[in-house]
Amino acid sequence: LLLGRYSKKLYRFKILGAAYISSDVTTLDTGEEITALLPYEDGWFVFSEGSVKRLSADADNMRLYPFQSDFGCDMPYSAVSDKDKIIFGNSVRGIFYIDRYDVTDKDVSRRVSAAVTDEITKTSSNVRLACAAVADGKYHLLVGGKLLPVERIHVPLHGDHADIVDLIGRKIERTQRRRA
C-alpha cells in the first residue's frame, strides 16, 4: 500500500511487486488543503490548516475520522514524526505533539511550549515557511531565520503524577502534585 497526497486529495496505490504499482488508483477528497500526512500505529494523520483527521487505509478502503477540529497544522513543514511522537505547529496556538502509540477516538494532542508560541507570533516572517527537524532527540523549529529549540515537554499522566520527558521519551524528573 502506497499513500500520496496532492492539494485536497489522498491517493492510494496498490503495490504489485518490487518495481510494479497497479494502475488502479483510489482517491479520497478531504475537503481541505492537506498540509501534512504522517503515520501512526494504526493509520495516518491528515493535517490541514483547520483540522487534524485520522485516516484508516487498507488495500481496499480509505476512510477519514475526526480527531482535532478546532485547529490544525498551518505550518506545513513543522510537522514531523520522531520515534513515538508526532509534533506539529500552529501559528496561533503553538507547537503540539501526539503520542503515536496512544491514539484514541478523542483528541489527545498536547501543547508543548507557550514560549515558542510567543516567539512565533513575534516574527514578521511568513510562518507558513517555518521548517522543523528533530536532531539529537530534540525538536527544532526555524522561523524567520531564528532557530527555536523545544527541548522538554510536559506530559500529563492519569492520577496525581506527571513526568517531564524530552521528545525522545526519556524521563528527566518525576513530580508529585499536591492536593489542596
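The structure this text deals with has already been given above.
Residues numbered from 1 in each chain as written. Predicted model: local features only at pLDDT ≥ 70, side-chain atom pairs only at ≥ 80, totals over all residues. Heavy atoms only, no water.

Caption draft 1: Molecular detail of the overall build of the protein chain. Within the protein chain, the secondary structure is distributed over one helix and 17 strands. Across the 180 residues that make up the protein chain, the buried fraction comes to 40%. When the accessible surface of the protein chain is split by element, carbon and sulfur atoms take 48% of a total near 10,200 Å². (Helix = DSSP H or I, 4+ residues; strand = E, 2+ residues; numbered from the N terminus. Buried < 20%, exposed > 50% of the residue type's maximum accessible area, 1.4 Å probe, protein only. Areas by Shrake-Rupley, 256 points an atom, 1.4 Å probe, with all protein chains shown as cover.)

Caption draft 2: Structural view of the pairing of strand 6 (residues 52–57). Taken together, the four bridges between strand 5 (residues 43–48) and strand 6 define a ladder with antiparallel strand orientation. Across the sheet, residue V46 finds its bridge partner in strand 6, namely K53. Remark: three residues form the turn of the hairpin made by strand 5 and strand 6, two consecutive strands paired antiparallel. Sheet analysis places strand 6 next to strand 7 (residues 62–68), joined by six bridges and oriented antiparallel. Residue V52 lies in a different strand from strand 7, and its bridge partner there is Q68. (Pairing = 2+ DSSP bridges.)

Caption draft 3: A look at the packing of aromatic side chains. Summed over the entire model, instances satisfying the criterion amount to six aromatic pairs. Centroid distance Y40 to F45: 4.7 Å. Interplanar angle 35 degrees. Geometry classified as tilted. Note on accessibility: Y40 and F45 belong to one class, buried. (Phe/Tyr/Trp six-rings, centres within 6.5 Å; stacked < 30°, edge-to-face > 60°.)

Caption draft 4: Geometry of unusual backbone geometry. Even without being a glycine, S7 presents a positive backbone phi close to 55 degrees. Residue placement: S7 occurs in the loop between strand 1 (2–6) and strand 2 (9–17).

Take it as geometry only, folks, not as evidence of what the structure does.
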